[in-house]
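# Fold and contact review
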Amino acid sequence: MSTDALRSRYEAAGQGHLFTFWQQLSETEQTALAAQLEAIDIERVNRVYAKAVSAERELATKEEVIEPLPQDASDRVTPQSSSREAEWRATGLAAIARGEVGVLLMAGGQGTRLGSSAPKGCYDIGLPSHKPLFQYQAERIARLQQVAQEEEHKPVGSVVVPWYIMTSGPTRLATEEFFKANGYFGLRSENVIFFEQGTLPCLTMDGKVLLETKSRVAVAPDGNGGLYAALRTPLSPTDKTRSVLSDLESRKVLYVHAYCVDNCLVRVADPVFVGYGISKQADCAAKVVPKAYPTESVGVVAQRSSKFSVVEYSEISAAQAEARDPNTGELLFRAGNIANHFYTTTFLRSVASFEDDLAFHIARKKIPHVALPDGTSVKPTKPNGMKLEMFVFDVFPYTTRFAVLEVARTDEFSPLKNAPGTGSDDPETSRRDLLAQHRRFLEAAGATVREGVEIELSPLVTYSGEGLASVKGKTFTRSGIVSALEELDVLAA
């Protein structure tokens, strides 16, 4: 597109001010700015802004009815549900063995709160093995492929669970280099596909695009809900035909498990959850954990105006937060959201048809920029603009068949959010919870683990406690790292 056509397009959209410093720029800077402006769908940005402002205004004035989940909308994994759990697992494993299951990992964040500028998945939570989060998740996929192969009697190496890893601009290169340097943690590189979360321009309070410098528009990630648009975006600038969605289709993947990188207990491509979603004929499902206490700062899966939604803790009254089921004594709003979802690929493809109806959320922030018209750099001391974000759960109200599976927090959720030493959701609690789970795996298999003994079981040894029958009756008196089943013998009395 010529410069004159590009300028005309932006002037027609009311954003012509982005050319204010054009004549002051070098040829290289002009080329870079033009390329950035051409890549931005400025008409869409205007629509997104208008919709977000309108939705925020409407939300402030509209009375929405917020209700807990209907009883028939959710199920639980409990000791009493073992037969149903076994059926779901069998259904999920069969789908995995047929190559019908893929995994979407949301891994765009940096470990800033943890004191690290590296991608969060590179973080070492202090396990005896010092394996980072990415490695644990890769090895769970490898083990699950093996379990499905063995239980479904498939040829060696024939079961593949493709792993699609969503990065962000700041983490893309570092993530790819980390995987290359570590040999993709034993997975085949062609089955680990990296793609990038989208961005949107930062705006003034009245919707004007901000310039970060005279030659660059200020942008910010579009939230984890940007996942859906990113699935349609070409994986490579040189090949516009291949996207995550087209790759899923070419592999004949029917079901997808999506999760966030910071949960050390996540069961990647969990066959129980996948089988549950298939059995329920759900186009989308959410895995949840019970709220730890009424005022816990976590969103809950509930109903908003009779549609499934995630309701933030700030949107629930104190009375609602404390309300309990008179028969069970459990919290009515108990389904804690952990960003752990099942989708059909058919549903993921359908998101494009209603995406314009989704309202982005406004985050008012202090955004550094250059002032107009003098071009001075401004570092504001109070919020001066807005970043627009979509959340991954914003699609829930648009599902046709939605289901919720509640699991035990101790088994499946230990997020890494805070700096070391915080005492909550930090590296120490992640380490503690993972090693405690490994102790439970051994004890459930009939072993005794002495007090103070810490045994780390590689995911390559067991995915969720299976394959440990040989430890029955043994007493473990030594701490250690177990990378192969036979290594357990040296830790026993």
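Everything that follows concerns the structure shown earlier in this document.
My aim in this report is to walk through the structure given alongside it, one point at a time. Keep in mind the model is a prediction, meaning the values are calculated, not measured. (Residues numbered from 1 in each chain as written. Predicted model: local features only at pLDDT ≥ 70, side-chain atom pairs only at ≥ 80, totals over all residues. Heavy atoms only, no water.)

Looking now at the overall build of the protein chain. Secondary structure assignment for the protein chain yields 13 helices and 24 strands. Its C-alpha atoms give the protein chain a radius of gyration of 24 Å, within 12% of the compact-globule value 23 Å for 493 residues. A principal-axis box enclosing the C-alpha atoms of the protein chain has dimensions of 80 × 55 × 45 Å. Here the protein chain holds 493 residues, and 51% of them are scored as buried. Taking as baseline every contact in the protein chain between residues at least 6 positions apart, the subset at least 24 positions apart corresponds to 71%. Working note: accessible area of the protein chain is about 22,200 Å², and carbon and sulfur atoms make up 50% of it. The protein chain carries 54 positive and 62 negative side-chain charges, and their two centres are separated by 1 Å. (Helix = DSSP H or I, 4+ residues; strand = E, 2+ residues; numbered from the N terminus. Rg over C-alpha atoms; globule rule 2.2 N^0.38 Å. Buried < 20%, exposed > 50% of the residue type's maximum accessible area, 1.4 Å probe, protein only. Contact = heavy atoms within 4.5 Å. Areas by Shrake-Rupley, 256 points an atom, 1.4 Å probe, with all protein chains shown as cover. Lys, Arg positive; Asp, Glu negative; His and termini not counted. Charge placed at Lys NZ, Arg CZ, Asp CG, Glu CD.)

This brings us to the nonpolar core. Among the nonpolar cores identified, the biggest contains 67 residues, and Leu 104, Phe 195, Val 301, Leu 388 and Phe 396 are the most heavily contacted of them. Once residues within four sequence positions are removed from consideration, Phe 396 is found in contact with Cys 284, Ala 286, Phe 308, Ser 309, Val 310, His 341 and Phe 402. Grouped together as the second largest cluster of nonpolar side chains are 47 residues, Ala 97, Ile 141, Ala 148 and Leu 405 included. (Core = buried A, V, L, I, M, F, W, Y, C linked by side-chain atoms within 4.5 Å.)

This brings us to the pairing of strand β14 (residues 307-311). In terms of burial, β14 is a largely internal element, 4 of the 5 residues being buried. Note that strand β13 (residues 300-304) and β14 share 5 bridges and pair antiparallel. In the sheet register, Val 301 faces β14, and the bridge partner there is Val 310. (Pairing = 2+ DSSP bridges.)

Burial within helix α9 (residues 271-279) is extensive, with 8 of its 9 residues counted as buried. Residues of α9 that are buried include every one of Pro 271, Val 272, Phe 273, Val 274, Gly 275, Tyr 276, Gly 277 and Ile 278, and no others. N-cap assignment for α9: the residue whose side-chain oxygen lies 3.0 Å from the backbone N of Val 272 is Asp 270. Looking one or two residues beyond α9, the residue adopting positive phi is Gln 281, at roughly 55°. (Polar contact = N/O pair within 3.5 Å; in protein donor to acceptor, adjacent residues only side chain to side chain.)

The next point concerns the sheet that holds strand β19 (residues 385-389). With respect to topology, 3 strands assemble into an open sheet ordered β7-β19-β16, the strand pairing being antiparallel. Looking along the sheet, the strands with just one partner apiece sit at the ends: β7 (203-204) and β16 (361-365). For β16 and β19, the ladder comprises 5 bridges, and the chain directions are antiparallel. Bridged to Ile 362 within β19 is Leu 388.

Next up on the list: helix α13 (residues 427-444). Counted at 1.5 Å a residue, the expected span for α13 with its 18 residues is 26 Å, and the 26 Å between its end C-alpha atoms agrees. In this structure, the buried side of α13 is in contact with α5 (133-151), α12 (409-412), β21 (448-449), β22 (455-457) and β23 (475-476). With a side-chain oxygen lying 3.1 Å from the backbone nitrogen of Glu 428, the N-terminal cap of α13 falls on Asp 426. Once α13 finishes, Gly 446 follows within two positions and takes phi at roughly 100°, a positive value. (Expected span 1.5 Å × (residues − 1).)

Tallied over the full model, the rule gives 0 disulfides. For Cys 260, which is in no disulfide, the shortest distance to another cysteine sulfur is to Cys 264 and amounts to 14 Å. Here Cys 284 stays free of any disulfide, with the sulfur of Cys 260 as its closest cysteine sulfur at 14 Å. For Cys 284, a relative accessible area of 0% puts it in the buried group. (Disulfide = S-S within 2.5 Å.)

Mapped onto the elements, Glu 152 comes out in the loop between α5 and β4 (163-167). A relative accessible area of 30% places Glu 152 in the partly exposed class. Residues Glu 152 and Leu 93, spaced 59 residues apart in sequence, show a C-alpha to C-alpha distance of 7.7 Å.

Let us now look at the packing of aromatic side chains. Throughout the structure, instances matching the rule amount to 19 aromatic pairs. Judged by centre distance (6.3 Å) and plane angle (5°), the rings of Tyr 343 and Phe 347 are stacked. Comparing Tyr 343 with Phe 347, the two get one shared label, buried. Between Phe 391 and Phe 393, the aromatic rings sit 5.4 Å apart at their centres with planes inclined by 45°, giving tilted as the arrangement. When its relative accessible area of 24% is taken as the criterion, Phe 391 is described as partly exposed. Assessed through its relative accessible area of 10%, Phe 393 is described here as buried. Over the aromatic face of Tyr 136 sits the side chain of Lys 131, whose NZ or CZ is 5.8 Å from the ring centroid. (Phe/Tyr/Trp six-rings, centres within 6.5 Å; stacked < 30°, edge-to-face > 60°. Lys NZ or Arg CZ within 6 Å of the ring centre and 35° of its normal.)

The analysis is restricted to geometry; functional conclusions fall outside its scope.
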